[in-house]
Amino acid sequence: MSDTVIEATGLRKEFGTAVAVDDVSLTLERGQSLAVVGESGSGKTTLARMLVGLETPTGGTLRVCGRPRPPGRVSSRERRRRAREMQIVFQDPYSSLDKLQRIGGVIEASLDLHFSLTPGERRKRALELLEAVGLAERHATMLPRQLSGGQRQRVAIARAIAVEPQVLVLDEAVAALDVSIQAQILNLLADIRERSGISYVFISHDLAVVHQISEVALVMSGGRVVERGPTGALLSDPQEEYTKSLRAAVPRPGWKPSRRAVSGSAANGSAASGTAAS
Amino acid sequence: MKIPEVQDKPRDVREDLLDVRGLSVAVRAGRSWRTLVDGVDLAIGGGEAVGLVGESGSGKSMTARALLGLTPPGARVTGDIAFDSDQVTTMNRRALRELRARRVAMVFQDPRAHINPVRSVGDFLTEAMIANLGVAAAEAHARAVRLLADVGIPDGERRLRQYPHELSGGLLQRVMIASVLAVEPDLVLADEPTTALDVTTQSEVMAILDELRRERGMAMLLITHDLALAAATCDRISVMYAGRIVETQPSTTLTATPRHPYTSGLMLSRPSIDTVADRLPVIPGRPVAAFESGEGCAFEPRCGHAKPHCRDLRPPVQDVEGARVACVRAGELTLRGDVDV
Ligand SMILES: Nc1ncnc2c1ncn2[C@@H]1O[C@H](COP(=O)(O)OP(=O)(O)OP(=O)(O)O)[C@@H](O)[C@H]1O
Ligand SMILES: Nc1ncnc2c1ncn2[C@@H]1O[C@H](COP(=O)(O)OP(=O)(O)OP(=O)(O)O)[C@@H](O)[C@H]1O
Ligand code: SF4
Ligand SMILES: [Mg+2]
Ligand SMILES: [Mg+2]
């Protein structure tokens, strides 16, 4: 089996006359973590949805775990197999959860589809997973609307890691979490990676989080990749104007919001707060 | 403004636009009540911005919703919410609708769950202007395009024809912010308004909110997980844990000198944009809900500074060098804050 888990070449997606993703290529190695950052509306979610097969590319080719993924209907067996290859945590956890299904049931259903466990084992595993994301047994009996935004986001994460996929796509999956629980989830993801060799595609607006979780990163703007490289270098020494403006707009002591965030501020981006590491 | 009534509360003159005292929210669980928000005090003056940060699930969104009478059906809301000297808790439906339509607007944390999926963006934006502000349809349309441009969406005409599922998370969030700007409320309750936005767009959106504050005296409650953002855009920051506000400080001092151990723990958990930690420090133990915590300090099981007497009673709020802190040891502890100041 090859060590490349995702190989995408020239992916393109059009909606009517608008181009959401324009000629994006990427490869993801086993055990690698790739971050995707960039402008709101630049095509990150659309790219993610194409990778997991929820959106049919208008152009380009895609191979996952060494096999091509042609569009079209697939058998339920193939669907299950694809689910074991790749899982996604959606940006909008509320719309991705069944409103009438209790949280424990959400996780158990996911386990049931992919593993043969006794009901007792399944329940135990579901509780372990909830605990791993900082939720408790009492949350298992609750409905999605009874949870806070960050709690729902963690249910979605637990449901995805339950499947033990080879690739996990996380679309703004830690954005609604306070920094301590976010740290707990980032540590958990690091542990799972070390243990299982899972690969991540990590979409985020938080550059510090991206720095912590990924080795390589893509920067998107207007549907295209405008810069790519090792995450540390990209953040400490951005080359493209857009990346520089992102770097400069990160809130920090002394920062003030401004309407023209792009102009003039690029220069002090990499100079901010020293060169402590990397 | 109406003349405030004399009363035997700690602050007897109500000069703040929003003045919340002892706000609690509980929901039914079988036969008992579960407290989700527990005795929250909050005051926001006209043109003031107050940040609300804290643990996921601690009750931030529920607090904001209670201010507008938007708690879940059957919830029990107690305490005192005065907006411009009017009691919100006793308002009838009509008064509440009026309040929400013109004076207090909310940016919801999860826009996709709050914007009707079968109506176009244009309908969503113009409807309120036409119905509540009496603006003519054509004018409302033109205004909607301008508002979208304001929040960084240049192709407004096209966007107005689209449906929510055709918009990215950040675009939809900005549509929601535009809908609030349309009303020009006296107070905006912004529940994580920029979490789905890239940092340059976030900067623009926050600058617009800031402008409205300075030019029109709009007040803001900003719920966020980003302490640096709150510090840069708010006058004061309150920190919430297990349904209670455990600390309030001016933004200028909170990040450098946190006074509550939970706040300090939060600051230390933040990843850095300049360095990669082998393992991020986390606050040990599991979060508790307000109704799970016993008599004493709700943070006690996880606090590295806990002493036996922390379990005796709920720590009263005390003043410590300009901070209001609910920790019995606040006066004697020196806690670590922002490392990169
Ligand atoms: N189903 C659809 N129909 C029409 N346009 C769409 C559809 N889905 C996405 N788009 C458009 O494609 C573009 C890219 O959207 P996408 O959701 O991929 O952006 P994103 O980078 O994830 O943004 P954000 O950071 O705000 O989540 C946007 O202009 C969006 O309006
Ligand atoms: N309808 C409901 N019924 C019962 N409990 C609820 C309901 N809605 C929310 N809760 C609980 O109330 C608590 C507070 O929720 P709230 O949404 O206010 O949290 P939050 O501080 O905004 O968190 P986050 O940062 O994750 O958005 C949570 O523990 C949640 O599980
Ligand atoms: S009251 Fe005690 S347990 Fe609670 S935060 Fe203060 S020191 Fe820690
Ligand atoms: Mg997106
Ligand atoms: Mg919330």
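- An unreviewed UniProt entry lists chain A under the name ATP-binding cassette domain-containing protein, from Streptomyces boluensis.
- One UniProt comment on chain A, placed under Sequence similarities (unreviewed entry), says "Belongs to the ABC transporter superfamily."

Observations concerning the overall build of chain A
At step 1: Counting its secondary structure elements, chain A contains ten helices and ten strands.
At step 2: Relative to the globule expectation of 19 Å for 278 residues, the C-alpha radius of gyration of chain A, 19 Å, shows essentially globular dimensions.
At step 3: Across its three principal directions, the C-alpha atoms of chain A cover 60 × 40 × 35 Å.
At step 4: Expressed as a percentage of the 278 residues in chain A, the buried residues total 55%.
At step 5: When contacts within chain A are restricted to residue pairs at least 6 apart in sequence, long-range pairs at least 24 apart make up 64% of them.
At step 6: In the form shown here, chain A has an accessible surface area of approximately 11,900 Å², with 49% of it arising from carbon and sulfur atoms.
At step 7: Between the centroid of the 36 positive side chains of chain A and the centroid of its 30 negative side chains there is a distance of 5 Å.

Topic: the coordination of the magnesium ion (ligand 5)
Residue and element names in this part refer to chain B.
At step 1: For the magnesium ion (ligand 5), every protein donor is listed as Ser61 (OG) and Gln109 (OE1), and the spread of their distances is 2.0 to 2.3 Å. You can see serine 61 sitting in helix 1 (residues 60-67) and its partner glutamine 109 sitting in the loop between strand 6 (104-107) and helix 3 (111-114), a full 48 residues away along the chain.
At step 2: According to the relative accessible area criterion, serine 61 is partly exposed, its value standing at 21%.

Description of the interface of chain B and chain A
At step 1: Taken together, the contact between chain B and chain A spans 60 residues of the former and 62 residues of the latter.
At step 2: Summed over both partners, the interface of chain B with chain A comes to about 4,800 Å²; 55% of that surface belongs to carbon and sulfur atoms.
At step 3: By the criterion of area lost to chain A, the three top residues of chain B are Val199, Ile273 and Asp274 of chain B, representing 14% of everything that side buries.
At step 4: If you look at where chain B meets chain A, you find seven salt bridges.
At step 5: With a shortest N-O distance of 3.1 Å, aspartate 150 of chain B and arginine 259 of chain A are connected by a salt bridge.

Some remarks on the coordination of the magnesium ion (ligand 4)
Residue and element names in this part refer to chain A.
At step 1: In this structure, Thr45 (OG1) and Gln91 (OE1) serve as the protein donors to the magnesium ion (ligand 4), at separations of 1.9 to 2.3 Å. Here glutamine 91 lies in the loop between strand 6 (86-89) and helix 3 (93-96) and threonine 45 lies in helix 1 (residues 44-51), a separation of 46 residues in the sequence.
At step 2: Since its relative accessible area comes to 27%, threonine 45 is described here as partly exposed.

Quick look at unusual backbone geometry
All names here are of chain B.
At step 1: One non-glycine residue, glutamate 184, adopts positive backbone phi at about 45 degrees.
At step 2: You can see glutamate 184 is positioned in the loop between helix 7 (169-183) and strand 7 (187-191).
At step 3: One non-glycine residue with positive phi stands out, namely alanine 242, at about 45 degrees.
At step 4: Position of alanine 242 among the secondary structure elements: in the loop between strand 9 (236-241) and strand 10 (244-250).

A closer look at helix 2 (residues 93-103) of chain B
At step 1: Listing the buried residues of helix 2 of chain B in full gives Leu96, Leu99 and Ala101 of chain B.
At step 2: Looking at the buried residues of helix 2 of chain B, the elements they touch are helix 1, strand 4 (76-83), strand 6, helix 4 (121-133) and helix 7 of chain B.

As for helix 8 (residues 199-216) of chain B
Residue and element names in this part refer to chain B.
At step 1: With 18 residues, helix 8 extends 25 Å from end C-alpha to end C-alpha; this agrees with the ideal 26 Å at 1.5 Å per step.
At step 2: Taken across its 18 residues, helix 8 has 14 buried, putting it largely inside the fold.
At step 3: After helix 8 finishes, the residue glycine 217 shows a positive phi value of roughly 70 degrees.

Overview of the environment of leucine 333 of chain B
Residue and element names in this part refer to chain B.
At step 1: Assignment of secondary structure puts leucine 333 in the segment after strand 12 (323-325).
At step 2: Residues leucine 333 and proline 261 lie 72 residues apart in sequence; the distance between their C-alpha atoms is 8.7 Å.
At step 3: Residues in contact with leucine 333, not counting those within four places in the same chain, are Pro261, His305 and Cys327.

A word on the packing of aromatic side chains
Residue and element names in this part refer to chain B.
At step 1: In total, this model carries three aromatic pairs over all chains according to the counting rule given.
At step 2: Each ring, one from tyrosine 241 and one from tyrosine 262, has its centre 4.8 Å from the other, and the planes form 50 degrees; the classification is tilted. Placement of the pair is tyrosine 241 in strand 9 and tyrosine 262 in helix 11 (residues 261-269), with a sequence separation of 21 residues.
At step 3: By relative accessible area, which is 1% here, tyrosine 241 ends up buried.

Observations regarding the confidence of the model for chain A
At step 1: Summary statistics for chain A give a mean pLDDT of 90 and a share of 92% for residues scoring 70 or more.
At step 2: Taken together, the stretch residues 261-278 of chain A has pLDDT below 50 and engages in 22 contacts with residues farther than four places along the chain or on a different chain.

What to know about the site of ligand 3
Residues and elements named next belong to chain B.
At step 1: The immediate surroundings of ligand 3 are formed by 13 residues, with Cys297, Cys303, Cys310, Cys327 and Val328 found nearest.
At step 2: One can see that ligand 3 is located within the second largest cavity.
At step 3: A class-by-class count of the residues in the shell around ligand 3 yields nine nonpolar, two polar and two charged.

Some details on the sheet that holds strand 2 (residues 18-29) of chain A
Residues and elements named next belong to chain A.
At step 1: Spatially, 2-1-4-5 is the arrangement adopted by the four strands of the open sheet, whose pairing is antiparallel. Either end of the sheet is taken by a strand with one partner, and the two such strands are strand 2 and strand 5 (67-68).
At step 2: In terms of strand pairing, strand 1 (residues 4-15) meets strand 2 through eight bridges, oriented antiparallel. Residue pairing across strands places phenylalanine 15 opposite alanine 18, the latter belonging to strand 2.
At step 3: The sheet contacts of helix 1 involve strand 1, strand 2 and strand 4 (59-64), and relative to strand 1 the element is tilted by about 125 degrees.

Description of the pairing of strand 3 (residues 49-54) of chain B
Residues and elements named next belong to chain B.
At step 1: Buried residues dominate strand 3, accounting for six of its six residues.
At step 2: Neither face of strand 3 is left uncovered, since the one carrying Ala49, Gly51 and Val53 and the one carrying Val50, Leu52 and Gly54 both have all their residues buried.
At step 3: The pairing of strand 3 with strand 8 (residues 219-223) spans four bridges and is classified as parallel. Note that in strand 8 the partner of valine 50 across the bridge is leucine 221.
At step 4: Note that strand 3 and strand 9 share five bridges and pair parallel. Paired with leucine 52 across the bridge in strand 9 is serine 238.

Thoughts on the site of ligand 2
At step 1: Taken together, 23 residues form the shell around ligand 2, and within it Ser148 and Gly150 of chain A together with Ser56, Gly57 and Ser61 of chain B come nearest.
At step 2: Per-site note: the chains with residues close to ligand 2 are chains A and B.
At step 3: A distance of 3.4 Å is found between an oxygen atom of ligand 2 and a backbone nitrogen or oxygen belonging to glycine 149 of chain A.
At step 4: Interatomic distance of 2.9 Å between a side-chain N/O atom of glutamine 109 of chain B and an oxygen atom of ligand 2.
At step 5: Protein chains bury 92% of the 650 Å² of accessible surface belonging to ligand 2 in isolation.
At step 6: Every element with two or more residues in the shell around ligand 2 is listed here: helix 6 (149-162) of chain A together with helix 1 of chain B.
At step 7: Across the shell around ligand 2, the residue classes tally to seven nonpolar, twelve polar and four charged.

Reading guide: rules and limits
- Residues numbered from 1 in each chain as written.
- Chains lettered and ligands numbered in written order.
- Predicted model: local features only at pLDDT ≥ 70, side-chain atom pairs only at ≥ 80, totals over all residues.
- Heavy atoms only, no water.
- UniProt positions renumbered as here; feature names shortened; annotations may be inferred.
- Helix = DSSP H or I, 4+ residues; strand = E, 2+ residues; numbered from the N terminus.
- Rg over C-alpha atoms; globule rule 2.2 N^0.38 Å.
- Buried < 20%, exposed > 50% of the residue type's maximum accessible area, 1.4 Å probe, protein only.
- Contact = heavy atoms within 4.5 Å.
- Areas by Shrake-Rupley, 256 points an atom, 1.4 Å probe, with all protein chains shown as cover.
- Lys, Arg positive; Asp, Glu negative; His and termini not counted.
- Charge placed at Lys NZ, Arg CZ, Asp CG, Glu CD.
- Donors = N, O, S within 2.8 Å, 3.2 Å for Na, K, Ca; no water.
- Buried area = accessible area lost by both parts, 1.4 Å probe.
- Salt bridge = Lys/Arg side-chain N within 4 Å of Asp/Glu carboxyl O.
- Expected span 1.5 Å × (residues − 1).
- Phe/Tyr/Trp six-rings, centres within 6.5 Å; stacked < 30°, edge-to-face > 60°.
- pLDDT = per-residue confidence, 0-100.
- Near = heavy atom within 4 Å.
- 1 Å grid on protein atoms, 1.4 Å probe; cavity = no way out; pocket = protein on both sides within 12 Å on 5 of 7 lines; lining within 4 Å.
- Sits in = over half its atoms within 2 Å of the grid points.
- Nonpolar A, V, L, I, M, F, W, Y, C, P; charged D, E, K, R; others polar.
- Pairing = 2+ DSSP bridges.
- Axes fitted to C-alpha atoms, helices over the stretch in contact; angles between N-to-C directions.
- Polar contact = N/O pair within 3.5 Å; in protein donor to acceptor, adjacent residues only side chain to side chain.

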